[in-house]
Amino acid sequence: MFVMNSSTGLSLFRTLALVLLFESQLVLSQTNLVTLPNQTSDEDRSPCIRPAPLFSAEDYDGPFNKVVGYLSRKPEIKTVHQHLRRPGLSVCSLTAPEKFRLFVTNNVEPVTFVATAFNSGLAQAQNQDRMFGQGADGYAKRYGAALTDDVAGDFLHTFLFSVISRQDPRYYRQLEGSTTTRLSHALSHVLVAKADSGAKIFNFPEWMGTTSMVFLSNVYHPGNAQGLRPAARRIGVNIATDAASDVVREFWPEIVRKLKLPFKEHDHQQAYTGNEGKRY
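What counts, and where the lines are drawn
Residues numbered from 1 in each chain as written. Predicted model: local features only at pLDDT ≥ 70, side-chain atom pairs only at ≥ 80, totals over all residues. Heavy atoms only, no water. Helix = DSSP H or I, 4+ residues; strand = E, 2+ residues; numbered from the N terminus. Buried < 20%, exposed > 50% of the residue type's maximum accessible area, 1.4 Å probe, protein only. Contact = heavy atoms within 4.5 Å. Areas by Shrake-Rupley, 256 points an atom, 1.4 Å probe, with all protein chains shown as cover. pLDDT = per-residue confidence, 0-100. Patch = residues over 30% accessible without salt bridge, like charges linked within 9 Å, V, L, I, M, F, W, Y side chains within 5 Å. Salt bridge = Lys/Arg side-chain N within 4 Å of Asp/Glu carboxyl O. Phe/Tyr/Trp six-rings, centres within 6.5 Å; stacked < 30°, edge-to-face > 60°. Core = buried A, V, L, I, M, F, W, Y, C linked by side-chain atoms within 4.5 Å. Axes fitted to C-alpha atoms, helices over the stretch in contact; angles between N-to-C directions. Parallel < 35°, antiparallel > 145°, perpendicular 65-115°, else oblique. Left-handed = near helix turned anticlockwise from the far one by under 90°. Nonpolar A, V, L, I, M, F, W, Y, C, P; charged D, E, K, R; others polar.

Caption draft 1: Seen up close, the overall build of the chain. What the chain contains, in helices and strands, is nine helices and six strands. For the chain, the proportion of its 280 residues judged to be buried stands at 42%. Contacts in the chain between residues at least 24 apart in sequence constitute 79% of all its contacts with a sequence separation of at least 6. Summing over all exposed atoms, the chain offers an accessible surface of approximately 15300 Å²; the carbon and sulfur share of this is 61%.

Caption draft 2: A look at the confidence of the model for the chain. For the chain, per-residue confidence averages 77 on the pLDDT scale, and 65% of positions sit at 70 or higher. Ranking the helices and strands of the chain by mean pLDDT puts helix α6 (residues 179-187) first, with 95, and helix α1 (residues 8-33) last, with 51.

Caption draft 3: Examining a nonpolar patch on the surface more closely. A cluster of nonpolar side chains, Leu191, Val192, Phe202, Phe204, Trp207 and Met208, forms an exposed patch at the surface whose accessible area comes to about 490 Å². At three residues, the largest contribution of residues to the nonpolar patch is made by helix α7 (residues 204-217). Residue position: Val192 is located in strand β5 (residues 192-194).

Caption draft 4: Looking closely at unusual backbone geometry. Backbone geometry places Asp129, a non-glycine residue, at a positive phi of 55 degrees. Although it is not a glycine, Arg166 sits at a positive phi angle of roughly 55 degrees. Mapping Arg166 onto the fold places it in the loop between α5 (135-165) and β4 (171-173).

Caption draft 5: Structural detail: the environment of Leu175. Positionally, Leu175 belongs in the loop between β4 and α6. Taking relative accessible area as the criterion, Leu175 reaches 15% and is therefore assigned buried. When the C-alpha atoms of Leu175 and His81 are compared, they prove to be 7.1 Å apart, with 94 residues separating the residues in sequence.

Caption draft 6: Just the packing of aromatic side chains, in detail. Counted according to the given criterion, the structure contains seven aromatic pairs. Seen from their ring centres, Phe103 and Phe155 are 5.4 Å apart, and the 75 degrees between their planes marks the pair as edge-to-face. Of this pair, Phe103 sits in helix α3 (residues 96-107) while Phe155 is found in helix α5, placing the two residues 52 residues apart along the sequence. Each member of the pair Phe103 and Phe155 is classed as buried. A ring pair is formed by Phe202 and Trp207, whose centres lie 6.5 Å apart and whose planes are at 25 degrees; its orientation type is stacked. For Phe202, a relative accessible area of 38% corresponds to the partly exposed category. Counting every residue linked through ring pairs, the aromatic cluster contains Phe100, Phe103, Phe155 and Phe159.

Caption draft 7: Layout of the side chain of Ser217. By secondary structure assignment, the location of Ser217 is in helix α7. Taking the relative accessible area as the measure of exposure, Ser217 reaches 8% and is therefore buried. Excluding residues that lie within four positions of it along the chain, Ser217 makes contacts with Asp149 and Asn224.

Caption draft 8: Quick peek at the nonpolar core. Judged by nonpolar contacts, the single largest core of 16 residues is most densely connected at Phe100, Phe103, Phe155, Leu156, Phe159, Leu160 and Met213. Among the elements of the structure, α3 and α5 are those that each provide at least two residues to this core. Val190, Ala231, Ile235 and Ile239 belong to the second largest nonpolar core, which has six residues in total.

Caption draft 9: Local environment of the pattern of salt bridges. Counted according to the given criterion, the structure contains eight salt bridges. A salt bridge links Lys78 to Asp154; the nearest nitrogen and oxygen atoms lie 2.9 Å apart. Remark: Asp154 occurs in helix α5 and Lys78 occurs in the loop between α2 (65-77) and β2 (79-81); sequence separation between them is 76 residues. For the pair shown, Lys78 and Asp154 are each scored as buried. Asp168 is the salt-bridge partner of Arg170, the closest N and O atoms lying 2.7 Å from each other.

Caption draft 10: Layout of the packing of helix α4 (residues 110-125) against α5. Between α4 and α5, the shortest axis-to-axis distance is 9 Å and the interhelical angle comes to 130 degrees. On the basis of their axis angle, the class for α4 and α5 is oblique. Seen from above, α4 lies across α5 with right-handed handedness. Residues Thr112, Phe113, Thr116, Ala117, Ser120, Gly121, Ala123 and Gln124 of α4 form the contact with α5, whose own contacting residues are Gly135, Gly138, Tyr139, Arg142, Tyr143, Ala146, Leu147 and Asp150. A breakdown of the residues in the contact of α4 with α5 according to their chemical character gives seven nonpolar, seven polar and two charged.

Caption draft 11: Layout of the environment of Arg233. Tracing the backbone through its elements, the reader meets Arg233 in helix α8 (residues 228-250). We classify Arg233 as exposed; its relative accessible area is 53%. Separated by 19 residues in the primary sequence, Arg233 and Val214 have C-alpha atoms spaced 9.8 Å apart.

Quick look at the structure:
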């Protein structure tokens, strides 16, 4: 039987970090050695842009500016906004190293660790993962397992399977249109995403990453119910959670305004006029 001692959480996370680093170097080396069928040189690329984020910590002028800056920045890391009125312009796709940097940036945010700490405390209060026990030792085990869930899951979604399937791991915020249209756009992202070429295709990283993560988590969550039915239930919950996150990303500008946070908001239309032809 798999039993976690007091230092297993940290050891597990260190081991995971080494495994992820090895896998990322392997994938990056393969993408450098193999010329993909759809790969073109920088000279052959059509002009593309990278719009500035709508909100940044530097644009906030109010109380608790560091805390609010960190909280507001998290939804923007994996979000870009598209301009429906200028279809000739496209957002620059990400190379494999850029997808890896996106994964790292998304996971070194302080919000990641704070949210994991909160969720671990909630799980302990509800006595989830009973085999971890209670007290400081039980909390450390839950924290290590939860952090591993978050980091490994994002590695699979944002980097590994996005590189393999040549898909863009970011959410494309629509911004324009009716509330119903935008809500439908956000909810459909778990099914339809953009390829690196800009075409709309099935969201393979979402489903392959989630499925892989659910079965991987059985290794260090000894209390998980085994079998296909419990696994399918956990996959469904994770997919629904990701869909809810996309809804938050889509309506994040309205949420910021509703909370009356004193941000200086960038004009998403102007963001497209100064960056044409530039690739980052």
